Amino acid sequence: MKASDTEETAKAAMRPDLSTVASRSAEVAVAAVEEFGADRSRLLDIVQAVQHRLGYLSDEAIRAVAAGLGAPAVEVEDMVSFYSFLNREPKGRYHIRLSKTPVSLMQGAAEVARAFAMATGAPIGGTSPDGEFTIEWTSDIGMADQEPSALINGTVVTGLTPADPAAIIAALRQSRSAKPPPQFPGPDSQAPALPQARVESSLVQSGPIIFRQGGSGDGVRAALALAPDGVIQEMTKAKLRGRGGAGFPTGLKWRLCRQSISAAHHVVCNADEGEPGTFKDRVLLTEAPDLVLDGMTIAAYALGARHGLVYLRGEYAYLWNALQGVLQNRRRLGLLGRNVLGCEGFDFDIRIQLGAGAYVCGEESSLIESLEGKRGAPRDRPPFPTERGYLQQPTAVDNVETFACVARIMENGADWFAGFGTRESTGTKLLSVSGDCPRPGVYEAPFGITLNELLDLVGAPDAEFVQVGGPSGQSVAPKDFGRRIAFEDLSTGGSVMVFDGRRDVLGVALQFTEFFVEESCGWCTPCRVGAALLEKNLEKIIGDRGTLADIAAIEALANTVTRMSRCGLGQTAANPILTTMRNFPQAYEARLQPEAFLPRVTLREALAEAIELRGREPGAGEETA
Amino acid sequence: MSEERFTFTIDGIEIEAAAGQTIIQACDAAGVYIPRLCYHPDLEPAGHCRVCACKIDGRRSSACTMPAARGMVVENETPELTGDRRTLIEMLFVEGNHFCPSCEKSGDCELQALGYRLGLAAPTLPYLWPERELDASHPDIFIDRNRCVLCSRCIRASRVADGKSVFGFAGRGIHMRLNIDAKSLDETSIAAADKAVHVCPVGCIVIKRTGYQTPYGSRRFDAAPIGSDIEEKRLNHKP
């Protein structure tokens, strides 16, 4: 050890010269580590607790958390720097995150953002000089039916107009004299005082399966009357398929999970509803949380699991207290805890894990990594989660809506359920409809509904294109509005964004591509680099610098990204470009230049820096083209 | 320990494998080269670069992570896969700041060698020109992140082989960077003899005062393309 190292160690040991800020950081970090039993797998909770108290994660806090867990600081940093809701730098006391989606922008989000900037004095993407407010854009926050929307320290404000920010900021400034609002997890104390702090339920059309009477334990009772294998057989008989979008048969997933021999099995509810344009899980967790928890409990019985986890996206932190209340109530009713509903030996309880702003965590293996307190990078498969998932033990990860279906199947029978929908896609689907339509919201419709029928329901007869399945789905043109929403045709997790003739197809495709650049986890080359390059290439075309050669190049690049990426995010990151190229070729053709090739920038743009340095335009004989 | 042995095919060539082997391990042993970058035989596979992705029974998976199984049909050197791999290498070139002619790793660089092997003449993709940090603080080791390809070899080697965890990632997506466990490298416990220093496929982590010592013609990839050492095993045994 060098002499200077020895001195450093001695200094650190004495500690008196540490600034109070640093020592408070360390103190808070140590307390948070203790609160979660110094459990490395609870790192996401630990750092969120620290941030809740300090507003951000300082270097000292990171080091103290690492020391408390006996982990290297670089490992804690690795994880913390991954999540967009974890701050490594101090932010304003009020952190305003505006939802940036094609839908929010066409409904005036940019004007609302400017109004927030005016009212706070903070630049968009920065903090106000008084340190009170930070304004940033964020990916879709699950409010596509009531955009423009924003999160203010976790409180959701919706339906914003440029007139609202002044009143909201005034209310926040006024509340400043009271105790500061909590940043995690419950915005309950702050919400009542804030204009526009409400989330509409937006359930427009109930259907025969999910939004009907009943629930709250009925499905669990029915399941307990069967053997666990019998429950799985019911799922198979009902032909239930995962509602997150991939459509994997639930019965098969559960069978594989149950067959995996292990000391413990886990049931995980994927409530990381991050696909832009979907909000049906938000509505389900608001309107029928017991139904979802019934489904999880049924799964636990079928799999022999004692532990359940709900991975709730960070954007839905405002649901935290209500959901904890539901869990408490279920424990009181004997629907959770030891010997559920008196069934000897069936012990089951559920914990909610709050996410921290990462779309990729909706991918099941990323979600599991995140549950374990790591960066949300997907895993290579095999092994699949049903064999080695959470804590390397067999895990069934299912969507919120899937669990609701599970409960209904147990209540009413597999045959009843399979009587709805199509042969391949049984039951109903919750569709989150947003965009250019007078009645946005959640619609429960049987599988097999055509886009035309849906557009009639939502009152959008003059739609020019419909984005089905969010950015990772497909851009559908009017000629295909006769197609059906079903796993065998237009497969979707439920996001349906409607655009009329005022909207620019390429502009929307670019925003979706930017979304993937923002949300790529970075683990694998094709997605990390490819998404950024796709964005650049599309910008070239939109900037009227594209030629036919660029179309061929962008298509080749898009196909490589699709074929070579490691997980579903990268495999679908090129879909906005590929599906608009296929279905709206005229939108591209209209932007193409006749030349065989054009460089990305004009000669003038390339020389801009030199012109500025020289302080004058090119003289005679050295003109730029 | 299972002694079960079985065969599968890659581009029609029959490969014998043992249970527990990945496709890349079995193919390496049998003398069939699958292009790869982040994979290192002494480290756990991580599946970052995707260069080794093959079509396995019709589905693409990375050969470094996929366990070999009886009767698998693997496609490796198809025009489509070679083209995709070339694009991946091109992506890595434009993502960082790689100046081969002046780089001390030139001729010994796996990224450069893969570019040659896969037929990458000059990148056509737009350069991203990122701003990346250097770290020359350590007396023996130099880090130039301009050349980093985020393969995580150093991260894995430091954690497992060296037991030090000097390296990690920071950030996500296109902003992801190689991070170290201190403000500067001289504050970490890294030493020039560490495995982590010697597994870098490119010129990101180099040992000071050793560059440019090998004359042209004698460098690792001067005489034969990358992968030739593996392919020799099979060619030498051809009947």
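Residues numbered from 1 in each chain as written. Chains lettered and ligands numbered in written order. Predicted model: local features only at pLDDT ≥ 70, side-chain atom pairs only at ≥ 80, totals over all residues.

**Considering the overall build of chain B**
Helix and strand counts for chain B stand at six helices and ten strands. Here chain B has a C-alpha radius of gyration of 19 Å; the compact-globule value for 239 residues is 18 Å, and the two agree. Out of the 239 residues in chain B, the part that is buried amounts to 47%. In chain B, 65% of the contacts between residues at least 6 apart in sequence involve partners at least 24 apart. (Helix = DSSP H or I, 4+ residues; strand = E, 2+ residues; numbered from the N terminus. Rg over C-alpha atoms; globule rule 2.2 N^0.38 Å. Buried ≥ 20, exposed ≤ 12 C-beta atoms within 10 Å, placed from the backbone. Contact = placed C-beta atoms within 7 Å.)

**Considering the overall build of chain A**
Helices and strands together make up the secondary structure of chain A, namely 26 helices and 15 strands. Taking the principal axes of its C-alpha atoms as reference, chain A extends roughly 90 × 75 × 50 Å. Out of the 625 residues belonging to chain A, those deemed buried represent 56%. The contacts in chain A between residues at least 6 apart in sequence include a share of 72% that link residues at least 24 apart.

**Some remarks on the interface of chain A and chain B**
Chain A puts 32 residues into the contact, and the matching count from chain B is 32 residues. Among the secondary structure elements, those contributing two or more residues to the side of chain A that touches chain B are α5 (73-80), α19 (505-519), α20 (525-542) and α21 (548-564) of chain A. In terms of residue count, α20 of chain A provides more of the side of chain A that touches chain B than any other element does, eight residues in total. Residue classes in the side of chain A that touches chain B are distributed as 16 nonpolar, six polar and ten charged. (Nonpolar A, V, L, I, M, F, W, Y, C, P; charged D, E, K, R; others polar.)

**Some words on the sheet that holds strand β5 (residues 73-75) of chain B**
Residues and elements named next belong to chain B. On the basis of which strands lie adjacent, the open sheet formed by five strands has the order β2-β1-β5-β3-β4 and mixed pairing. Edge positions in the sheet fall to β2 (13-18) and β4 (59-62), since each of these pairs with one other strand and no more. Across this sheet, the average inter-strand angle for adjacent strands is 40°, counted without regard to direction. Inspection of the sheet shows strand β3 (residues 53-56) paired to β4 by four bridges, in the antiparallel sense. Among the inter-strand pairings, Ala53 is bridged to a residue of β4, identified as Ser62. (Pairing = 2+ DSSP bridges. Axes fitted to C-alpha atoms, helices over the stretch in contact; angles between N-to-C directions.)

**Focus: the domain arrangement of chain A**
All names here are of chain A. Entries for chain A in the domain assignment read domain 1 (16-80), domain 2 (94-193), domain 3 (204-418), domain 4 (428-503) and domain 5 (506-589). Facing 19 residues of domain 2, the contacting portion of domain 3 comprises 14 residues. Along the lines of polarity and charge, the residues of the side of domain 2 that touches domain 3 split into nine nonpolar, seven polar and three charged. (Domains from an automatic or database assignment.)

**As for the environment of Gly507 of chain A**
Relative to the elements of secondary structure, Gly507 of chain A occurs in helix α19. Along the backbone, Gly507 of chain A and Ile542 of chain A are 35 residues apart, and their C-alpha atoms lie at a distance of 7.8 Å.

**Considering the packing of α19 of chain A against α20 of chain A**
Residues and elements named next belong to chain A. Across the interface, α19 lies against α20 with an axial gap of 9 Å and an inter-helix angle of 160°. Between α19 and α20, the interaxial angle falls into the category roughly antiparallel. Crossing of α19 over α20 shows left-handed handedness. Of the residues in α20, those in contact with Leu506, Ala509, Leu510, Thr513, Glu514, Phe516 and Val517 of α19 are Ala531, Ala532, Leu534, Glu535, Leu538, Glu539, Ile541 and Ile542. A breakdown of the residues in the contact of α19 with α20 according to their chemical character gives eleven nonpolar, one polar and three charged. (Parallel < 35°, antiparallel > 145°, perpendicular 65-115°, else oblique. Left-handed = near helix turned anticlockwise from the far one by under 90°.)

**Some remarks on the domain arrangement of chain B**
All names here are of chain B. Split by domain assignment, chain B resolves into domain 1 (5-83 + 224-237) and domain 2 (131-208). With centres defined by C-alpha atoms, the gap from domain 1 to domain 2 works out at 28 Å. Every contact between the two is made by nine residues of domain 1 and, on the other side, eleven residues of domain 2. Partitioned by chemical class, the residues of the side of domain 1 that touches domain 2 number five nonpolar, two polar and two charged.

**Things to note about helix α15 (residues 364-371) of chain A**
Across the eight residues that make up α15 of chain A, a large majority, eight, are buried. Just beyond α15 of chain A, the residue with positive phi is Gly373 of chain A, at close to 80°.

**Regarding the sheet that holds strand β8 (residues 307-312) of chain A**
Residues and elements named next belong to chain A. Here we have four strands laid out as an open sheet, ordered β9-β8-β7-β10, and parallel in their pairing. The two strands at the open ends of the sheet, each matched to only one other strand, are β9 (349-354) and β10 (395-399). The sheet shows a mean angle of 20° between the axes of neighbouring strands, taken without regard to direction. Packed onto the sheet, helix α13 (residues 289-303) meets β7 (266-271), β8, β9 and β10 and runs at close to 155° relative to β7.

**Structural notes on the nonpolar core**
Residue and element names in this part refer to chain A. Judged by nonpolar contacts, the single largest core of 254 residues is most densely connected at Val50, Val65, Val292 and Ala299. By residue number, the principal contributor to this core is α13, which donates ten residues. Every residue in contact with Val50, bar those within four places of it in the chain, is listed here: Val28, Ala29, Ala32, Leu57, Ala61 and Val65. (Core = buried A, V, L, I, M, F, W, Y, C linked by C-beta atoms within 7 Å.)

**Brief notes about the pairing of β9 of chain A**
All names here are of chain A. Across six bridges, the pairing between β8 and β9 is parallel. The residue bridging Leu309 from the neighbouring strand is Arg351, located in β9. Between β8 and its parallel partner β9, the chain crosses via helix α14 (residues 320-332), and the hand of that crossover is right-handed. (Right-handed = clockwise from strand over helix to strand, strands pointing away.)

**Some points on the confidence of the model for chain A**
All names here are of chain A. Confidence in the prediction of chain A, expressed as mean pLDDT, is 92, and 93% of residues score 70 or more. Considering only residues more than four positions removed or in separate chains, one finds that residues 6-18, a stretch of pLDDT under 50, has two contacts. Residue range residues 181-186 is modelled with pLDDT below 50. Its contacts to residues more than four positions away, or to other chains, number 23 contacts. (pLDDT = per-residue confidence, 0-100.)

**A short note on unusual backbone geometry**
Residues and elements named next belong to chain A. Cis peptide bonds are those with omega within 30 degrees of zero, and the linkage from Arg381 to Pro382 qualifies with 0°. Relative to the helices and strands, Pro382 resides in the loop between α15 and β10. Looking along the chain, the bond that leaves Pro382 and enters Pro383 is cis, with omega of 0°. As for its placement among the helices and strands, Pro383 is situated in the loop between α15 and β10. Phi is positive for Asp544, which is not a glycine, with a value near 60°. Along the chain, Asp544 turns up in the loop between α20 and α21.

**Focus on the pairing of strand β1 (residues 94-99) of chain A**
Residue and element names in this part refer to chain A. Counting buried positions along β1 yields six of six residues, so the element is predominantly enclosed. Judged by which residues are buried, β1 turns out to be covered on both faces: Tyr94, Ile96 and Leu98 on one side and His95, Arg97 and Ser99 on the other are all buried. The pairing of β1 with strand β3 (residues 133-138) spans six bridges and is classified as parallel. Looking at β3, one finds that Arg97 is bridged to Glu136.

**Quick look at the packing of helix α2 (residues 79-95) of chain B against helix α3 (residues 110-118) of chain B**
Residues and elements named next belong to chain B. Running from N to C, α2 and α3 point in directions that differ by 145°, and their axes come no closer than 10 Å. Crossing geometry of α2 relative to α3 is assigned as left-handed. Note on element contacts: α3 touches α2 through Leu111, Leu114, Gly115 and Leu118, opposite Thr82, Arg85, Arg86, Ile89, Leu92 and Phe93.

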